[in-house]
Amino acid sequence: MPRYIFITGGVVSSLGKGLASAALGAVLQARGYKVRLRKLDPYLNVDPGTMSPYQHGEVYVTDDGAETDLDLGHYERFTGVSATQGDNITTGRIYKNIIEKERRGDYLGATVQVIPHVTHEIKSFVLSDAGDVDFVLCEVGGTVGDIEGLPFFEALRQLSQELPPRQTCFMHVTLLPFIAAAGEMKTKPTQHSVKELRSIGIQPDILLCRADRPISDSDRAKIGRFCNVRESAVIQGLDAKSIYDVPLAYHAEGLDSAVLAHFGIEDAPDANLARWEGISKALAEPDGEVNIGVVGKYTILPDAYKSLTEALVHGGIANEVKINITWLESDMFEGDDALTHLEGLNGILVPGGFGYRGSEGKIRAAQFAREHNVPYFGICLGMQMAVIEAARNMAGIETAKSSEFEEIDGENVVGLMTEWTRGNERLKREGKSDLGGTMRLGAYPATLTEGSLVAQIYGTRNIEERHRHRYEVNVDYKDRLEAAGLKFSGLSPDGVLPEIVEIPDHPWYVGVQYHPELKSRPFKPHPLFAGFIKAAKTQSRLV
Ligand code: GLN
């Protein structure tokens, strides 16, 4: 049976609980253990799929087509273990399951209550399908004291009693603020948040204290004493230069040792952190820089493009360069002098997005990249914009547009997808179906054209990548666009859905209908990101 580590947060949100969980998973892995990471989200949405990126940041899509919390992206990037539908649950999903059961009569006349029914559903989720891993790390979203979180804390408290002794560990992530006026670091917020946890019956075993400067021994002793935590289990979590330094840093602070000591594991192998050391070094000592412009709609919120940013960093690791990202709000390309913003960039990337607002700007950015021989990478909506641009300006289809853009009239070169194949199954959508969970989601195969740039980059003609889209380039335009110079170098195996376009007569111009950023890892950069950055690096050395 696996051991369970429950990760909770206190004091404030945004302390890097997800990263801490991912880093702990990575370090346990470096000691030779098998890990699995899960996220419990107390909000009422069934999944984050319908939430605005401004509210929630990126929606991370798994191979099996779940729309999940972005922390699952951290888990995958740090451990290399592909997350699944079963690794993220929300209050909304739990209540949906319970209400369905209640309507079916499964509760046999019982009054359905938070305890035991909701807590039972949460516990079943935590224990479900753990496989043969050594540790399951379960992160609870939000902060202790949030009203929505209570059933989750209660369920985990119950589990800690129901499982055998030493089978569970509570790790609480808190903040030690430095108060400039007093010239002191304050432990009181941590004491209060632990008090809050203890008031609901949970005694943390490990405290990970986030701080912007070193924690003194006396503060550490004080925290241990007031929070009833062993001093060696009060771990300092300092801000790191790069998120990829965090596994090394937390290991050096003794986080994994404290976890193993809690479980009474005395014969743990030493951690082999060579791959993290390599990544840390590559990031600290780059051989040059490249400037990438990302033209999107949610650029004020970096979390909205989390995986994308990381995949670019991975592309930098592969090419030993530092990546400078310039975030460009697509709206700004609609003015006259707009394109000046694109000068000096070594590569332009248009990421995924939804809706008409900002899309004309993305089309102009794609045109600029094509005409000025700047490497261009279009992802999902960014591919659709590249196709519309090519249709309008290369193939003479002047009113080319997407049927997603209801605001304008014209010819729908990109249209609503209503049918597609998953394995042997034919999936259908109504034009007006629910918004949640109804896109073409998750991993689908594609076949690449022999001799194409992408076939060369991937080193194979058969790929599988993760999707999240409702619209699709209409394959009926393939011949006209190809004749104009835009090649369709990847299609769904049945030849119906265009997956990749490229312009052979250009230094690097690729559009993909899927999200390669979701599968990129620091120790295994995605080939398309590595290729794009390589082209951008070449460009940067030309000027
Ligand atoms: N809005 C487009 C679609 O639904 C693109 C989606 C995306 O970029 N993820 O097809």
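Whatever comes next refers back to the structure up there.
What counts, and at which threshold
- Residues numbered from 1 in each chain as written.
- Predicted model: local features only at pLDDT ≥ 70, side-chain atom pairs only at ≥ 80, totals over all residues.
- Heavy atoms only, no water.
- 1 Å grid on protein atoms, 1.4 Å probe; cavity = no way out; pocket = protein on both sides within 12 Å on 5 of 7 lines; lining within 4 Å.
- Points joined across faces, edges and corners; volume = space filled by probe spheres on them.
- Nonpolar A, V, L, I, M, F, W, Y, C, P; charged D, E, K, R; others polar.
- Patch = residues over 30% accessible without salt bridge, like charges linked within 9 Å, V, L, I, M, F, W, Y side chains within 5 Å.
- Areas by Shrake-Rupley, 256 points an atom, 1.4 Å probe, with all protein chains shown as cover.
- Salt bridge = Lys/Arg side-chain N within 4 Å of Asp/Glu carboxyl O.
- Helix = DSSP H or I, 4+ residues; strand = E, 2+ residues; numbered from the N terminus.
- Polar contact = N/O pair within 3.5 Å; in protein donor to acceptor, adjacent residues only side chain to side chain.
- Contact = heavy atoms within 4.5 Å.
- Near = heavy atom within 4 Å.
- Pairing = 2+ DSSP bridges.
- Axes fitted to C-alpha atoms, helices over the stretch in contact; angles between N-to-C directions.
- Buried < 20%, exposed > 50% of the residue type's maximum accessible area, 1.4 Å probe, protein only.
- Core = buried A, V, L, I, M, F, W, Y, C linked by side-chain atoms within 4.5 Å.
- Phe/Tyr/Trp six-rings, centres within 6.5 Å; stacked < 30°, edge-to-face > 60°.
- Lys NZ or Arg CZ within 6 Å of the ring centre and 35° of its normal.
- Expected span 1.5 Å × (residues − 1).
- Parallel < 35°, antiparallel > 145°, perpendicular 65-115°, else oblique.

Turning our eyes to something else, we now look at the layout of surface pockets. Gaps left between atoms are located by rolling a probe of water-molecule size over the structure's atoms. Each pocket or cavity is described by its volume, and for the second largest pocket that value is around 870 Å³. Lining the second largest pocket are 31 residues, with Ser14, Lys39, Leu70, Asp71 and Asp303 sitting closest to its centre. When grouped by side-chain class, the residues that make up the lining of the second largest pocket number eleven nonpolar, eleven polar and nine charged.

This part is about a nonpolar patch on the surface. A contiguous nonpolar patch, built from Tyr95, Ile99, Val114 and Ile115 and spanning about 330 Å² of accessible area, is present on the exposed surface. Mapped onto the nonpolar patch, the elements with two or more residues apiece are helix H4 (91-104) and helix H5 (114-127). Secondary-structure assignment places Ile115 in helix H5.

Moving on, we get to the side chain of Arg521. Mapped onto the fold, Arg521 is located in the loop between strand S25 (509-512) and helix H17 (527-542). Side-chain polar atoms of Arg521 contact the backbone oxygen of Gly80, separated by 3.1 Å. Discounting residues that sit within four places of it in the chain, Arg521 has contacts with Glu76, Arg77, Gly80, Ser82, His314 and Arg466.

All residues in the neighbourhood of the ligand are listed as Gly352, Gly353, Phe354, Cys380, Leu381, Gln384, Glu404, Arg468, His469, Arg470, Tyr471 and His515. Residue Arg470 places a main-chain N or O atom 2.9 Å away from an oxygen atom belonging to the ligand. Between Tyr471 and the ligand, the recorded distance is 2.8 Å, taken from a backbone N or O atom to an oxygen atom. In isolation the ligand has 300 Å² of accessible area, and contact with the protein removes 99% of it. Looking at the shell around the ligand, the elements with two or more residues in it are helix H14 (381-393) and strand S21 (462-469).

Overall, mixed pairing links the nine strands, which are arranged S13-S12-S14-S15-S25-S24-S23-S20-S21 in an open sheet. Each of the sheet's edge strands pairs with one partner strand only, and the pair in question is strand S13 (322-329) and S21. Within the sheet, the average angular offset between the axes of one strand and its neighbour, ignoring direction, is 25 degrees. In terms of strand pairing, strand S20 (residues 440-448) meets strand S23 (residues 487-491) through two bridges, oriented antiparallel. Within S23, the position partnered with Thr447 by the bridge is Leu491. Along the sheet, helix H12 (residues 306-319) makes contact with strand S12 (289-296), S13, strand S14 (347-350) and strand S15 (376-379), crossing S13 at roughly 150 degrees. Against the sheet, H14 makes contact with S14, S15, strand S24 (498-502) and S25, and its axis sits at roughly 115 degrees relative to S15, the strand it touches most.

Once that is clear, we can look at the pairing of strand S19 (residues 425-428). With four bridges connecting them, strand S18 (residues 419-422) and S19 associate as antiparallel partners. For Thr421, the partnering residue across the bridge sits in S19 and is Arg426. Two successive antiparallel strands, S18 and S19, enclose a turn made up of two residues, where Gly423 displays a positive phi of approximately 60 degrees.

To continue, consider the side chain of Thr143. Looking at where Thr143 falls in the secondary structure, it is placed in the loop between strand S6 (135-140) and helix H6 (150-162). Residue class for Thr143 comes out buried when judged on its relative accessible area of 14%.

Here we take up the nonpolar core. Soluble globular proteins tend to bury their nonpolar side chains together. In this structure, Ile5, Leu28, Phe135, Leu137, Met171 and Ile206 are the most contacted members of the largest nonpolar core, which totals 57 residues. Formed by 39 residues, the second largest nonpolar core is a distinct cluster that contains Val295, Leu381, Val387 and Phe405.

With that out of the way, let us pick up unusual backbone geometry. Geometrically, the link from Ile115 to Pro116 is a cis peptide bond, its omega value of 15 degrees lying close to zero. With respect to the helices, strands and loops of the structure, Pro116 is situated in helix H5. For Val11, which is not glycine, the phi torsion reads 75 degrees and is therefore positive. Its location among the elements puts Val11 in the loop between strand S1 (3-9) and helix H1 (17-30). Classification of Val11 by relative accessible area gives partly exposed; the value is 29%. Positive phi is not limited to glycine here, since Asn373 has a value of about 60 degrees. Relative to the assigned elements, Asn373 resides in the loop between helix H13 (359-371) and S15. Exposure remark for Asn373: the relative accessible area of 38% places this residue in the partly exposed category.

Evaluation of the coordinates by the stated rule reveals 15 aromatic pairs. Each member of the aromatic cluster is reached from another via a ring pair, and the members are Phe78, Tyr244, Trp276 and Phe523. Positioned over the ring face of Phe178 is Arg213, at 3.6 Å from the centre of the ring.

A few words now on H5. Spanning 14 residues, H5 covers 18 Å between terminal C-alpha atoms, matching the ideal 20 Å at 1.5 Å per step. When we look at burial in H5, the residues that qualify are His117, Val118, Thr119, Glu121, Ile122, Lys123, Phe125 and Val126. Contacts from the buried residues of H5 go to S1, strand S2 (35-41), strand S5 (88-90), H4, S6 and H6. With its phi angle positive at about 45 degrees, Asp129 sits one or two positions after the end of H5.

Right, let's talk about the sheet that holds strand S22 (residues 471-473) for a bit. On the basis of which strands lie adjacent, the open sheet formed by three strands has the order S16-S17-S22 and mixed pairing. The outermost strands of the open sheet, each flanked by one partner alone, are strand S16 (400-402) and S22. Strand-to-strand twist across the sheet, computed as the mean angle between neighbouring axes with direction ignored, equals 35 degrees. Here S16 pairs with strand S17 (residues 411-416) via three bridges, running parallel.

Working definition: two side chains of opposite charge can pair if their charged atoms are close together. For the structure on display, the rule yields 32 salt bridges. Asp69 is the partner of Lys39 in a salt bridge, and the nearest nitrogen-oxygen pair spans 3.1 Å. A residue pair is termed long-range when its members are at least 10 positions apart, and Lys39 in strand S2 and Asp69 in the loop between strand S4 (67-68) and helix H3 (71-79) qualify at 30 residues. Connected through salt bridges with shared partners, the residues Lys17, Lys39, Asp41, Asp69, Asp71 and Glu139 form a single ionic network.

In an α-helix there are 3.6 residues to a turn, and that puts residues three or four apart on one side. With 13 residues, H13 extends 18 Å from end C-alpha to end C-alpha; this agrees with the ideal 18 Å at 1.5 Å per step. Among the residues of H13, those classed as buried are Ser359, Gly361, Lys362, Ile363, Ala365, Ala366, Phe368, Ala369 and Arg370. On its buried face, H13 is in contact with S12, S14, S15, H14 and S25.

The interhelical angle for the contact between H1 and helix H10 (residues 255-263), taken along N-to-C directions, is 75 degrees, at an axis separation of 10 Å. When the interaxial angle is binned, H1 and H10 end up roughly perpendicular. Of H10, the residues touching H1 (which contributes Leu24, Val27 and Leu28) are Leu255, Asp256, Val259 and Leu260. A per-class count over the contact of H1 with H10 returns six nonpolar, no polar and one charged.

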